[in-house]
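What the coordinates show
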Amino acid sequence: MGKLGYLAMKTEQSNGELIQSDLRELKVAATKLANHAMLLGGLGFGTTFLKWVASFAAIYLLILDRTNWRTKMLTALLIPYIFLSLPSMIFNLLRGEVGKWVSFIGVVLRLFFPRHYPDWLEMPGSLILLLVVAPNLFAHSVRDSWVGVLICLIIGCYLLQEHIRASGGFRNSFAQSNGFSNTVGIILLLVYPVWRLVLQFL
């Protein structure tokens, strides 16, 4: 019995040492990853990445709202959020000829074939139309300034508090059906503007 107990303790001790060794290696790997990310693009890389994440989170929430996440929240606010946070590559593509053709087809369908124009296309159609017709003051000056980022932050905070209120509390917002993905999506809306404003005022 004494030898077995000694062997068990020795095995537990070696497992603990292995875990600590793995944690040290993870710490070294995380440090290297952070250093390489800084070399790759510095804080600008993080901002660009978070911009992509926020835009896709807003598009995801818009799709959920149009399909099965019917709430009393003002989800139309996701349209200006997407307008202000859309990465430049996609924004310029949709603001050019591609966006003009999509808007033209959408307007023609809405005018002449209203019965065949689905309700779920209303918000995306509005987004494309907004991208195409927005004046340069909004499309370039406000969108790329701290004012646009502040508007994104206000929209994200408003949607989060409305979602929490509709769910009956922060804990319940994670517990309801589809609650976890909805709450995480709304929280992701806040990450980009907070990061950008912190960098703006540093």
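Below is a summary of the structure that appears in this document. (Residues numbered from 1 in each chain as written. Predicted model: local features only at pLDDT ≥ 70, side-chain atom pairs only at ≥ 80, totals over all residues. Heavy atoms only, no water.)

Some thoughts on the overall build of the protein
The number of helices and strands found in the protein is 9 helices and 0 strands. Taken from N to C terminus, the helices and strands of the protein fall in the order α-α-α-α-α-α-α-α-α. A sequence separation of at least 24 residues applies to 77% of the contacts in the protein between residues at least 6 apart. Here the protein has roughly 13200 Å² of accessible surface; of this, 70% comes from carbon and sulfur atoms. (Helix = DSSP H or I, 4+ residues; strand = E, 2+ residues; numbered from the N terminus. Contact = heavy atoms within 4.5 Å. Areas by Shrake-Rupley, 256 points an atom, 1.4 Å probe, with all protein chains shown as cover.)

Remarks on the packing of helix H2 (residues 78-85) against helix H7 (residues 146-167)
Running from amino to carboxyl end, H2 crosses H7 at an angle of 145°, the nearest separation of the two axes being 9 Å. Crossing angle aside, the handedness with which H2 passes H7 is left-handed. For the pair H2 and H7, the contacting residues are Leu 78, Pro 80, Tyr 81, Leu 84 and Ser 85 in the first and Gly 148, Ile 151, Cys 152, Ile 155 and Leu 159 in the second. Classifying every residue of the contact of H2 with H7 by side-chain character gives 8 nonpolar, 2 polar and no charged. (Axes fitted to C-alpha atoms, helices over the stretch in contact; angles between N-to-C directions. Left-handed = near helix turned anticlockwise from the far one by under 90°. Nonpolar A, V, L, I, M, F, W, Y, C, P; charged D, E, K, R; others polar.)

Describing the packing of aromatic side chains
Applying the stated criterion to the full structure yields 3 aromatic pairs. Judged by centre distance (5.7 Å) and plane angle (25°), the rings of Trp 52 and Phe 56 are stacked. Remark: Phe 56 and Trp 52 occur in helix H1 (residues 2-67); sequence separation between them is 4 residues, near one turn of the helix. The partly exposed category is assigned to Phe 56, whose relative accessible area is 46%. Where Phe 83 meets Phe 91, the ring centres are 5.6 Å apart and the plane angle is 70°; that geometry is what we call edge-to-face. An identical accessibility class is assigned to Phe 83 and Phe 91; each is buried. In this structure, Arg 143 packs its charged tip against the face of Phe 91, placed 3.8 Å from the ring centre. (Phe/Tyr/Trp six-rings, centres within 6.5 Å; stacked < 30°, edge-to-face > 60°. Buried < 20%, exposed > 50% of the residue type's maximum accessible area, 1.4 Å probe, protein only. Lys NZ or Arg CZ within 6 Å of the ring centre and 35° of its normal.)

Digging into the nonpolar core
With 34 residues, the main nonpolar core has Leu 78, Tyr 81, Leu 131 and Leu 189 as its most contacted residues. Secondary-structure elements contributing two or more residues to this core are H1, H2, helix H3 (88-95), helix H5 (122-133), H7 and helix H9 (179-200). Ranked by the residues each element gives to this core, the list is headed by H1, at 7 residues. Discounting residues that sit within four places of it in the chain, Leu 131 has contacts with Phe 83, Leu 86, Phe 91, Leu 94 and Arg 95. (Core = buried A, V, L, I, M, F, W, Y, C linked by side-chain atoms within 4.5 Å.)

Observations concerning the environment of Tyr 81
Looking at the element boundaries, Tyr 81 is found in helix H2. When the C-alpha atoms of Tyr 81 and Cys 152 are compared, they prove to be 5.5 Å apart, with 71 residues separating the residues in sequence. With residues up to four places along the chain from it excluded, the contact list for Tyr 81 reads Ala 54, Ala 58, Cys 152, Ile 155, Leu 189, Tyr 192 and Pro 193. Among the polar contacts made by the side chain of Tyr 81, one reaches the main-chain carbonyl oxygen of Leu 189 at a distance of 2.5 Å. (Polar contact = N/O pair within 3.5 Å; in protein donor to acceptor, adjacent residues only side chain to side chain.)

Quick look at the packing of helix H4 (residues 97-112) against H5
Viewed as axis vectors pointing N to C, H4 and H5 meet at an angle of 130°, and their least axial separation amounts to 9 Å. Taken together, the axes of H4 and H5 are oblique relative to one another. Relative to H5, H4 is oriented so that their crossing is left-handed. Of the residues in H5, those touching H4 at Gly 99, Lys 100, Val 102, Ser 103, Val 107 and Arg 110 are Glu 122, Ile 128, Leu 129 and Val 132. Each residue belonging to the contact of H4 with H5 can be placed in one class, and the counts come to 5 nonpolar, 2 polar and 3 charged. (Parallel < 35°, antiparallel > 145°, perpendicular 65-115°, else oblique.)

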